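# Tertiary structure, described
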Amino acid sequence: MTPHNQSIEEVLSTLSTDKAQGLSSAEAAARVEKYGENRLREKKKKTTLQRFFDQFKDAMIIILLIAAVVSFVMICIEKNWGELFEPGLILLIVILNAVMGVYQEGKAERALDALKNMSAPHARVIRDGVEKVVDAAELVPGDIIKLEAGDFVPADARLLQSASLKSEEAALTGESVPSEKDATVVVDEKAPIGDRTNMVFSGCSITYGTALAVVTGTGMDTEMGKIAGLLDGEGETQTPLQAKLAQLGKYLGFMALAACAIIFVVGLLNGLEWMHLFMTAVSLAVSAIPEGLPAIVTIVLSIGVQRMVKKNALIRRLPAVETLGGASVICSDKTGTLTQNRMTLTKAYVDGGEVELISNENSEQIRKLLNYGTLCCDGSVNFTAEGEQHIGDPTETAIVVASHKNGFEKDALNAKFPRLAEIPFDSDRKLMSTVNVIDGKKIVIVKGAFDMMATRCVKGDLETAKRVTNEMSSDALRVLAVAYKEIDTVPEDPTSEELENGLTFMGLVGMIDPPRPEARDAVAVCRRAGIKVVMITGDHVVTASAIAKDLGILVEGDRAITGAELDAMNDDELDAVVASISVYARVSPENKIRIVKAWQRKGQVVSMTGDGVNDAPALKAADIGCAMGITGTDVAKGASDMTLTDDNFATIVDAVEEGRGIYANIKKVVGFLLSTNIGEVFTVFFAMLMWHISPLLSMQLLWINLVTDSLPAIALGMEAVEKDVMDRKPKPKDEGIFAHGLGIRVAIQGVMFAALTLIGFWVGTGLPLADMFNGVLLDDAHELNLMGGQTLAFMVLALCQIVQAYNMRSEHSLFKIGPFTNKNLNLAALASTALMAFVLFVPGVQDIFNLVYLTWQQYLIGVGLIFVPLVVMELGKLFGFIKHHEHK
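Quick caveat, the model's predicted, so the values are computed rather than measured. (Residues numbered from 1 in each chain as written. Predicted model: local features only at pLDDT ≥ 70, side-chain atom pairs only at ≥ 80, totals over all residues. Heavy atoms only, no water.)

Turning next to the overall build of the protein. From N to C terminus, the protein includes 36 helices and 25 strands. Its C-alpha atoms give the protein principal-axis dimensions of about 125 × 65 × 50 Å. Burial statistics for the protein: of 888 residues in total, 54% are counted as buried. Here the analysis covers contacts within the protein between residues at least 6 apart in sequence; of these, 72% occur between residues at least 24 apart. A total of about 37600 Å² of accessible surface is found on the protein, and carbon and sulfur atoms cover 58% of it. Here the protein carries 82 positive and 108 negative side-chain charges, and the mean point of each set is 2 Å from the other. (Helix = DSSP H or I, 4+ residues; strand = E, 2+ residues; numbered from the N terminus. Buried < 20%, exposed > 50% of the residue type's maximum accessible area, 1.4 Å probe, protein only. Contact = heavy atoms within 4.5 Å. Areas by Shrake-Rupley, 256 points an atom, 1.4 Å probe, with all protein chains shown as cover. Lys, Arg positive; Asp, Glu negative; His and termini not counted. Charge placed at Lys NZ, Arg CZ, Asp CG, Glu CD.)

Our focus in this paragraph is helix α13 (residues 364–375). Between its terminal C-alpha atoms α13 stretches 16 Å, which fits the 16 Å expected from 12 residues at 1.5 Å a residue. Among the residues of α13, Ile 366, Arg 367, Leu 369, Leu 370, Asn 371, Tyr 372, Gly 373, Thr 374 and Leu 375 are the ones counted as buried. (Expected span 1.5 Å × (residues − 1).)

As for its placement among the helices and strands, Asn 665 is situated in helix α26 (residues 649–691). Under the relative-accessibility criterion, Asn 665 is labelled buried at 2%. Within the structure, the side chain of Asn 665 is placed 2.8 Å from the backbone oxygen of Glu 719, a separation counted as a polar contact. If we skip the residues at most four places from it in the chain, Asn 665 touches Leu 716, Gly 717, Met 718 and Glu 719. (Polar contact = N/O pair within 3.5 Å; in protein donor to acceptor, adjacent residues only side chain to side chain.)

Alignment of strand β4 (residues 156–168) against strand β7 (residues 205–217), held across 10 bridges, turns out to be antiparallel. Across the sheet, the residue bridging to Asp 156 is Gly 217, located in β7. Relative to strand β6 (residues 199–200), β4 is paired through 2 bridges, and the arrangement is antiparallel. Across the sheet, residue Arg 158 finds its bridge partner in β6, namely Met 199. (Pairing = 2+ DSSP bridges.)

The next thing to look at is the side chain of Ser 403. Secondary-structure assignment places Ser 403 in helix α14 (residues 394–405). Within the structure, the side chain of Ser 403 is placed 3.2 Å from the side chain of Asn 371, a separation counted as a polar contact. Ignoring sequence-local partners within four residues, the contact set of Ser 403 consists of Leu 370, Asn 371, Thr 374, Phe 408 and Leu 413.

This structure, assessed with the given rule, holds 0 disulfides. As a non-bridged cysteine, Cys 377 has Cys 376 as the owner of its nearest cysteine sulfur, 6.5 Å distant. (Disulfide = S-S within 2.5 Å.)

In this structure, Leu 508, Met 535, Phe 649 and Phe 794 are the most contacted members of the largest nonpolar core, which totals 160 residues. Counting residues per element, this core draws most heavily on α26, which supplies 21 residues. Apart from the residues lying within four places of it in its own chain, the contact partners of Met 535 are Ser 332, Lys 334, Leu 338, Ala 544, Ile 547, Ala 548, Leu 551, Ile 553, Ser 582, Val 583 and Tyr 584. (Core = buried A, V, L, I, M, F, W, Y, C linked by side-chain atoms within 4.5 Å.)

Here we take up the packing of aromatic side chains. On inspection of all chains with the given rule, the structure shows 11 aromatic pairs. Relative to Phe 686, the ring of Phe 685 has its centre 5.5 Å away and its plane inclined at 75°; by these criteria the two rings are edge-to-face. The class of Phe 686 is partly exposed, set by a relative accessible area of 37%. Ring centres of Phe 794 and Phe 849 lie 6.5 Å apart, and the angle between their planes is 15°; this geometry places the pair in the stacked category. (Phe/Tyr/Trp six-rings, centres within 6.5 Å; stacked < 30°, edge-to-face > 60°.)

Our next topic: the environment of His 4. Relative to the elements of secondary structure, His 4 occurs in the segment before α1 (8–14). Once the C-alpha coordinates of His 4 and Ile 678 are considered, the two residues, 674 residues apart in sequence, prove to be 69 Å apart. The contact partners of His 4, leaving out residues within four places of it in the chain, are Arg 158, Val 186, Val 187, Asp 188, Glu 189, Arg 196, Asn 198 and Met 199. A polar side-chain atom of His 4 sits 2.9 Å from the main-chain carbonyl oxygen of Glu 189.

Within the open sheet, the 8 strands sit side by side as β8-β25-β24-β23-β9-β20-β22-β21. Their pairing is mixed. If you trace the sheet from one side to the other, it starts and ends with β8 (313–315) and β21 (559–562), each paired once. Here the strands of the sheet are splayed against their neighbours by 20° on average, with no regard to which way each runs. One ladder, built from 2 bridges, connects strand β20 (residues 532–536) with strand β22 (residues 581–585); its direction is parallel. Paired with Met 535 across the bridge in β22 is Val 583. Relative to strand β23 (residues 606–610), helix α23 (residues 589–601) is tilted by about 165°, and along the sheet it contacts β9 (329–333), β20, β22 and β23. (Axes fitted to C-alpha atoms, helices over the stretch in contact; angles between N-to-C directions.)

On the surface, Glu 492, Asp 493, Glu 497 and Glu 498 cluster together to form a negatively charged patch. The topology assignment puts Glu 497 in helix α18 (residues 496–499). (Patch = residues over 30% accessible without salt bridge, like charges linked within 9 Å, V, L, I, M, F, W, Y side chains within 5 Å. Salt bridge = Lys/Arg side-chain N within 4 Å of Asp/Glu carboxyl O.)

So, on to the environment of Lys 334. With respect to the secondary-structure elements, Lys 334 resides in helix α12 (residues 334–338). Owing to a relative accessible area of 2%, Lys 334 belongs among the buried residues under this scheme. The sequence separation of Lys 334 and Phe 649 amounts to 315 residues, and the corresponding C-alpha distance is 9.2 Å. Residue contacts for Lys 334: discarding those within four places in its chain leaves Thr 339, Met 535, Ile 536, Thr 537, Asp 539, Ala 544 and Ile 547.

In this section: the pattern of salt bridges. This model, assessed by the stated rule, comprises 27 salt bridges. Two residues, Arg 528 and Asp 727, come together in a salt bridge whose shortest N-O distance is 2.6 Å. Taken together, the positions of Arg 528 in helix α19 (residues 517–528) and Asp 727 in the loop between α28 (710–717) and α29 (742–765) put the pair 199 residues apart, joining distant regions of the chain. Overall, the relative accessible area of 45% leaves Arg 528 in the partly exposed class. When its relative accessible area of 40% is taken as the criterion, Asp 727 is described as partly exposed.

Residues Val 69, Phe 72, Val 73, Ile 77 and Leu 84 make up a contiguous nonpolar surface patch of roughly 440 Å² in combined accessible area. Here Val 69 is to be found in helix α4 (residues 59–78). You can call Val 69 partly exposed: its relative accessible area is 48%.

Turning next to the packing of α26 against helix α31 (residues 783–807). Helices that pack against each other are described as a pair by the angle of their axes relative to one another and the distance between those axes. Interhelical geometry of α26 versus α31 gives an angle of 155° and a closest axis separation of 10 Å. The orientation of α26 relative to α31 falls into the category roughly antiparallel. Considering the relative orientation of α26 and α31, their crossing is right-handed. Taking contact as the criterion, the partners of Phe 672, Ser 675, Thr 676 and Glu 680 in α26 are, on α31, Leu 797, Gln 801, Gln 804 and Ala 805. (Parallel < 35°, antiparallel > 145°, perpendicular 65-115°, else oblique. Left-handed = near helix turned anticlockwise from the far one by under 90°.)

Right, let's talk about the environment of Arg 516 for a bit. Summarising the element assignment, Arg 516 is placed in the loop between β19 (503–512) and α19. Under the relative-accessibility criterion, Arg 516 is labelled buried at 15%. Sequence spacing of Arg 516 and Ala 828 is 312 residues, and the spatial spacing of their C-alpha atoms is 42 Å. Residues contacting Arg 516, with those up to four places away along its chain left out, are Gly 336, Thr 337, Leu 338, Thr 339, Gln 340, Leu 551, Asp 646, Asp 647 and Asn 648. Within the local environment of Arg 516, its side chain forms a polar contact with the backbone oxygen of Thr 337, the two atoms lying 3.3 Å apart.

Counting all residues, the mean pLDDT for the protein is 85, and 90% of those residues have values of 70 or more. Looking over the protein, one finds the lowest element-wise mean pLDDT in helix α5 (residues 85–118), namely 65, and the highest in α13, namely 96. (pLDDT = per-residue confidence, 0-100.)

Turning next to the packing of α26 against helix α27 (residues 698–708). Running from N to C, α26 and α27 point in directions that differ by 170°, and their axes come no closer than 11 Å. As far as their axial angle goes, α27 and α26 are roughly antiparallel. Residues Thr 676, Asn 677, Glu 680 and Val 684 of α26 pack against Leu 701, Ile 704 and Asn 705 of α27. Among the residues making up the contact of α26 with α27, the classes are represented as 3 nonpolar, 3 polar and 1 charged. (Nonpolar A, V, L, I, M, F, W, Y, C, P; charged D, E, K, R; others polar.)

Encoded structure:
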């Protein structure tokens, strides 16, 4: 069916509906069953079970599971049922980690669904001959709907009647100027969407006039639905953080396997038992893998997401937070994001007078000009306690607001000076005219483009008016002229020739969509942070450049080009100049994708804003797609990584700042956890090589990794964003998580923890060092010595990590930033210390972990060893071994 190519009668016949009566309720219900609800088909969501199993795809988790399963099998073969606790604990921890991941992902998705439900549209429909308001999802082909200025079009529809109708179709066509509609025409079958003037389309809005239409397509059968369908095949890509953590898991896995192989060879050469060697290998696997890292990173990211929601940024995927932190280019729409999306009258000029700025107390002549302009407007503004609601053409509502500022209400003016006749605006004349009764006289008021008005005026200083028009236009103002004349009688069928000639020029009004006050500061923050801001707009290049200069986006040396100029460049030419272009005007959706790709080829992390359906491919192509929460379509939101609930550019900058802080915190968490794991690996590895025994059991290692370390790690991830985070340049796209010496520091710290733990193990055994090298700990007679050594090694390593959490808070001295300013970390340290005391000293629990009581001298030595990392790290910071790095 091609309704744009059929007459009204043919369309109504094909859809078996009636223009006056509409469908019956019963028929509408039957068609819902046939065609489905008027909704866009969403990508099939993963079930909770699928999400749960997705958590086990991590290399670190897989190695742990293999170790647990093999351990369980060997226990069954040996029938050593007392050892079942260890593999059971491993499995329990892994499952808890998966449950936490599923919970956090679901929480983010529910937040987006809530936003979508808040903006569910309604429609005015005629059913059973009665007009009613229904949920737009209930519309079916054949429904008769009514539309007027301010309405969203709920479905694709063929116009049956139209009066001065205009539809904003930028979401589909990218055309910034509303499209004029006419129900009476029949369009060529192959006409593009923008030329189907007898149709209105789902997701677009009515900016002017009224209409009656019949629904021809709903849901995925609409033009918007067809574009949404193109996105279904797009796969999800990993963010840099996901890729780095996955790679880290593989490296750690290989490291564990290599260490296990060496231990096996050494053990076999020394005649050690298979079971003993395997349990040691399990201990190595456990120690090499930071089991809590995926869950803790998820928690840190989700905390950041919650902070961002409070700042009007809703993140769809948790790891996208880190990508935001690395953003080096922000490509932003102008209208509504950098500007207020509300035309505002700023200047006015009366013939023979001076240009005045619009205020609450303009001159009498300017007030009269504004009143005449308001009388010649169909747009209206509702002023309520919540704010202004603009209905109709934005240039007209700007005039209405300016008149309101000067104390004149549109309704009161219309009542006092009633309208007798009108000639609606059309794009050929570029004029609108009304006839009003003013002071007992019939006055024709005409408003429109100055160049069209000038030829119709017989009175007024048109040369000066032309100069003022040019001056206003050069300031990026949209200029309208107002003229009038008195007539004796009102024609029954007024024409342009009768009313719009022999006019007296009255004056000019200049308006602009002004920048958001906070956008200027946000752009300045971006410049300081080394982030390039690029304005992309469908507006004219002069207007765009003026706004960009005002905001500080377009500075000396930068260029502003049009979409046509961009189309004339090939990719190599664009790559050569893209860094110098700050403004793109009159662009198409395809242009947006080219701009994104050009920056990405330069190794930049690109953020792109968009609201229309046609923006979706560019949002998907960008490293971080930002959809508009107020004006954005569902398709744009679905293709994006982040939704701005206030459509504000400053919110993007706030999100980037938060993203940088979160990434810095994640690096601290990764460094903290890995230094522990490396310390554990070295401890087990070197102890096996020297003494043929492991100083730590796998359950003790799991306790350290997942209980005592996890709480401080989460608290470390909640560290406040550093004040100077936006004074640094963005991190390079290919920068590793261990850049700026973090990897070397982690390794050195791991060696330090291993040395302290091995010293603790030796002290805890109470044996001479020479006896330990002779392998006496393998003798059952020295079981208590072994348990004593494992107890002190366990205590030293676990409590060292709590102290290390404070060291990792900053690359500055702990005493410079305040040792106890992170209250969450203080609580976490207390909780972890209490849990360690519970395991070390409570009878029964102590037995499960194979621990014993020690002498007070051994405990005292252990406490001394615990605080060695604090002294070493502070000295390292003091002498410059640990430096505060910035991206250059």
